[in-house]
Amino acid sequence: MKNKKLAFESLRTVLAVAISLVIALVTILLVSDVPGVALKAFLFGPLDSMRHFGNVLEMMIPLIFTGLAVGIMFQADQFNLGAEGAFFMGAVVSSFVAILWPMPAFIHPVVTILMGGLTGAVFCGIPALLKVKWGASELVSSLMFNYIAFFFGLYLINYFLRDPNAGAMVSFLLPATAKLPVIIPKTRVHFGLIIALLAVAAMYFFNYRTRWGYKNRLTGFNSLFAEYAGIKTAAVVISAQLIGGFIAGAGGSIELLGLYRRFSWTAQLPGYGWSGVIVAILARRNPAYIPLAAFFLAYLRIGADLMSRQSDVQNEIVAIIQAVMIILIAAAGFLEKAQYKMVFRDATKNLPKADNTAQEVEG
Amino acid sequence: MKDFLQIIFTTQFGYSVLRVTTPILFAALAALVSDRAGVINIALEGIMLITALTGVLFSTWFHSAWLGLFMAVLMGTLMGMLLGYFHLKLKTNVILAAVALNLLASGGTIFVLYLIAGDKGISSSLASKVLPKITIPLLDKIPVLGPIFSGHNVLTYFALLSVFLMHYFIYKTPLGMRIRAVGESPEAADSVGIGVKKTQFIALSLSGMIAAFGGAYMSMGYVSWFSRDMTAGRGFIALAAEAMGGATPIGSFFTSLLFGFFDALSNSLQLLRVPSEFVQMIPYVATVVGLVLYTATKRKQYQRMLLKIGRQMEPKE
């Protein structure tokens, strides 16, 4: 029965993804003058060269981190959307550590990433604290803090780390000692991928094999029940957001050290926090599925980028796919009737004949 | 400090407070109507963005700002209905459905803008129309008050009027009463024959409709073009304004005005020698501080009330 339920859930996810893709394909056919070129680039572009496939793997890395971060906060039923700001602030603080504190190689990235993670934890911890202490909605305050983070980060970079010789508003060059090494030749895929996969394993273990993770899931499932069962839900809720913030902040740091020569997110927030929401929902909050979901989303985005370069269709089409996917996957009512039918059939299959049960009740 | 006071105590500043309050006020009233029905609508941000673009596009095509506004309002209502359909029929968590709509709005508007205007940032290549400004006769002759209150966009006056319309609607009409009943206790409302889901659906549609006025104002009044992500969190700020306003129309009006004040301050202070990053942060910081102060006092009041009840319940010697 449990397997069947899981199979049904997977089927629903696949169907939701399929529907959103069909909508995107129809849109491409409608708006493009060269639909053949556009479709080919969108669907198969990422596979046509090692470099393009490398791009997919690169993009997976930040998505895994923010997906894990959002996943654990949602798991505790906390709609903290601060992963966006945590990712950004993690990268800002990491630029300071990387540029201002010279350290030998190997140690430098480790310290930098840890500092980035701590920054993220503090950042996501503030809305958590405001909620627990004063009851302010973590949803609204975390959204506001994202904007505050952006302007504060810009201020820090602009006044303390700005390279006057660079044309745009960017930081000084990041030193080579802090950078993460490339692990797949001829691509830019860096050591962050390995850290990301280790983080996935750690979060899976945390979620399903530790008492803490169990408390977290129970609190998210039914916080009143958890409270009556003797779990200190306030502590659980705060710790979930601290851990989530740490992962997001470390992710920002790793993205910076792996792919960038300077800190250069000065036009707008990079948006990986919101992508994390999509990844977490696609993976149904189970850490084990996060890499799969991140890969899928990264593939879509790289495909869309290639399409916008090779044809007249813009890469923002991904926004349509994402929205439809989120809604259908999170929709409990989607295919509900089919699910009822399945459950009903299973439940009635092994029952004895109707008249037998009637006798039993009488007797 | 002297410069600072010089900026605030001018009629231009008073005028600009009302100007920037308008979209926040519409969005706060939109948040109010759905919140009162027991559904939080965080899709306001996306609805405003989409309707801002809708207004620009249709006012260009129809050569009429009013038809642009009409189409924007229609679009906003449809968006509200869409959210209602996802939440009430497909049973998607309302926050996730709204996050999806917001992401769709952010990327989708750029997609459509590029298709039609050939630019990913701004709609300036389109000859879109602007809703008229209204000079109020007599009032505009009065010194101080005239320059502050006269000559605003027609939607600014409509926003102020909407506060009273909303007050009347939510407290005096049968539908408003049903909305409040559903929000306060869905079970009780259901037991007396009020369709809970139907009422919430209507409330979300209304919410989308009101937010659309805010969106249309952004691109056809506040400025005369659409630019990417131009709502800049106003839909979220409005949620805080509505919560701080105690979910009442009059209260939401004053808190919207407060946030409008900080927004205008941030616009004006850019002339001073303060790091512009800090100035731009002001509306968001003010929102967080306001929200925390409000919920903290609310919680204290509640605890005091519980204590009082507890004391009354104690057996007397």
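None of the values given here were measured: they were computed from a predicted structure. (Residues numbered from 1 in each chain as written. Chains lettered and ligands numbered in written order. Predicted model: local features only at pLDDT ≥ 70, side-chain atom pairs only at ≥ 80, totals over all residues. Heavy atoms only, no water.)

Asker: Outline a nonpolar patch on the surface, listing residues and values.
Answerer: Residue and element names in this part refer to chain B. Taken together, the side chains of Trp61, Phe62, Leu67, Phe70, Leu74, Leu78, Met81, Leu115 and Ile116 define a hydrophobic patch exposed on the protein surface, amounting to about 810 Å² of accessible area. Counting residues per element, the ones that place at least two in the nonpolar patch are α3 (44-62), α4 (65-89) and α5 (94-117). Of all the elements, α4 adds the most residues to the nonpolar patch, at five residues. (Patch = residues over 30% accessible without salt bridge, like charges linked within 9 Å, V, L, I, M, F, W, Y side chains within 5 Å. Areas by Shrake-Rupley, 256 points an atom, 1.4 Å probe, with all protein chains shown as cover. Salt bridge = Lys/Arg side-chain N within 4 Å of Asp/Glu carboxyl O. Helix = DSSP H or I, 4+ residues; strand = E, 2+ residues; numbered from the N terminus.)

Asker: For the domain arrangement of chain A, give the residues involved together with the corresponding values.
Answerer: Interface size, as often reported, equals the accessible area lost upon joining of the parts. All names here are of chain A. We note that the domain assignment places domain 1 (1-32 + 317-339) and domain 2 (33-312) within chain A. Using only C-alpha atoms to locate each centre, domain 1 and domain 2 end up separated by 25 Å. Taken residue by residue, the interface counts 18 residues in domain 1 and 18 residues in domain 2. Both faces considered, domain 1 and domain 2 share a buried interface measuring about 1600 Å² in area, 76% of it formed by carbon and sulfur atoms. Sorting the residues of domain 1 by area buried against domain 2 places Ile28, Ser32 and Gln322 first, and these three jointly supply 30% of that buried surface. Between the two partners, domain 1 and domain 2, sit zero salt bridges. Scanning the region where domain 1 abuts domain 2 turns up four residue pairs in polar contact (both at pLDDT 80 or more). Where the side of domain 1 that touches domain 2 is concerned, the elements lending two or more residues are α1 (2-31) and α13 (317-330). Residue contributions to the side of domain 1 that touches domain 2 peak at nine residues, all from α1. Partitioning the side of domain 1 that touches domain 2 into residue classes produces 13 nonpolar, three polar and two charged. (Domains from an automatic or database assignment. Contact = heavy atoms within 4.5 Å. Buried area = accessible area lost by both parts, 1.4 Å probe. Polar contact = N/O pair within 3.5 Å; in protein donor to acceptor, adjacent residues only side chain to side chain. Nonpolar A, V, L, I, M, F, W, Y, C, P; charged D, E, K, R; others polar.)

Asker: Break down the packing of aromatic side chains for me, with residues and values.
Answerer: Tallied over the entire structure, the rule returns 31 aromatic pairs over all chains. Measuring from ring centre to ring centre gives 5.7 Å for B:Phe26 and B:Phe213, while their planes differ by 20°; the resulting arrangement is stacked. Remark: B:Phe213 occurs in helix α10 (residues 196-222) and B:Phe26 occurs in helix α2 (residues 11-36); sequence separation between them is 187 residues. One aromatic cluster in this structure is built from A:Phe87, A:Phe88, A:Tyr147, A:Phe150, A:Phe151, A:Tyr260, A:Phe263, A:Trp265, A:Tyr272 and B:Tyr284. The ring of B:Tyr222 is capped by B:Arg19, whose NZ or CZ atom sits 4.3 Å from the centre of that ring. Over the face of the ring belonging to B:Tyr222 we find B:Arg234, whose NZ or CZ atom lies 5.3 Å from the ring centre. (Phe/Tyr/Trp six-rings, centres within 6.5 Å; stacked < 30°, edge-to-face > 60°. Lys NZ or Arg CZ within 6 Å of the ring centre and 35° of its normal.)

Asker: Lay out α4(B) with the relevant residues and their values.
Answerer: For α4(B), with 25 residues, the first-to-last C-alpha span of 35 Å sits near the 36 Å given by 1.5 Å per residue. For α4(B), the N-terminal cap is B:Ser64; the gap from its side-chain oxygen to the backbone nitrogen of B:Trp66 is 3.2 Å. (Expected span 1.5 Å × (residues − 1).)

Asker: Run through the interface of chain A and chain B, naming residues and quoting values.
Answerer: Taken residue by residue, the interface counts 49 residues in chain A and 44 residues in chain B. For the pair chain A and chain B, the summed buried surface comes to about 4000 Å²; carbon and sulfur atoms form 78% of the total. Taken as a group, A:Met144, A:Phe151 and A:Ile327 account for 16% of the area that chain A buries against chain B, more than any other trio of residues on that side. Across the chain A-chain B interface, the total number found is one salt bridge. Among the salt bridges present, the one from A:Glu316 reaches B:Lys120, with a minimum N-O distance of 3.1 Å. Connecting chain A to chain B are nine residue pairs in polar contact (both at pLDDT 80 or more). Of all the secondary structure elements, the ones that give two or more residues to the side of chain A that touches chain B are α1, α5 (107-134), α6 (138-161), α11 (272-282) and α13 of chain A. Of the residues forming the side of chain A that touches chain B, the biggest block, 14 residues, is contributed by α6(A). For the side of chain A that touches chain B, the per-class residue count stands at 36 nonpolar, nine polar and four charged.

Asker: Lay out helix α7 (residues 154-172) of chain B in plain terms, naming residues and giving numbers.
Answerer: Residue and element names in this part refer to chain B. The end-to-end C-alpha distance of α7 is 26 Å, a good match for the 27 Å that 19 residues give at a rise of 1.5 Å each. A bend of about 30° at Leu161 is the largest found in α7. Turning to α7, its buried residues are Val154, Leu155, Thr156, Tyr157, Ala159, Ser162, Val163, Met166, Phe169 and Ile170. Residue Asn153 occupies the N-cap position of α7, its side-chain oxygen lying 2.9 Å from the main-chain nitrogen of Leu155. (Bend = angle between axes of the 7 residues up to and from the residue. Buried < 20%, exposed > 50% of the residue type's maximum accessible area, 1.4 Å probe, protein only.)

Asker: Can you lay out unusual backbone geometry for me, pointing to particular residues and giving the numbers?
Answerer: At A:Phe106, a residue that is not glycine, the phi angle is positive and equals roughly 70°. Judged by relative accessible area, A:Phe106 falls into the exposed class, the value being 74%. A positive phi angle is found at B:Lys91, which is not glycine, with a value near 60°. Within the secondary structure, B:Lys91 sits in the loop between α4 and α5.

Asker: How would you summarise the confidence of the model for chain B if you had to cite specific residues and measurements?
Answerer: Counting all residues, the mean pLDDT for chain B is 86, and 97% of those residues have values of 70 or more. Two summary scores accompany this predicted model of the complex, namely pTM at 0.85 and ipTM at 0.82. (pLDDT = per-residue confidence, 0-100.)

Asker: Go over the pattern of salt bridges with me, naming the residues and quoting the values.
Answerer: Applying the stated criterion across every chain, the model contains five salt bridges over all chains. Its salt-bridge partner being A:Asp163, residue A:Arg262 comes within 2.8 Å of it at the nearest N-O pair. Here the residue A:Arg262 occupies a position in the loop between α10 (233-259) and α11, and A:Asp163 occupies one in the loop between α6 and α7 (192-209), the gap between them amounting to 99 residues. Among the ionic pairs, B:Asp263 bridges to B:Arg234, the shortest N-O distance being 3.7 Å. Of this pair, B:Asp263 sits in helix α12 (residues 249-268) while B:Arg234 sits in helix α11 (residues 234-244), and the two are 29 residues apart along the sequence. With relative accessibility at 9%, the residue B:Asp263 sits in the buried group.

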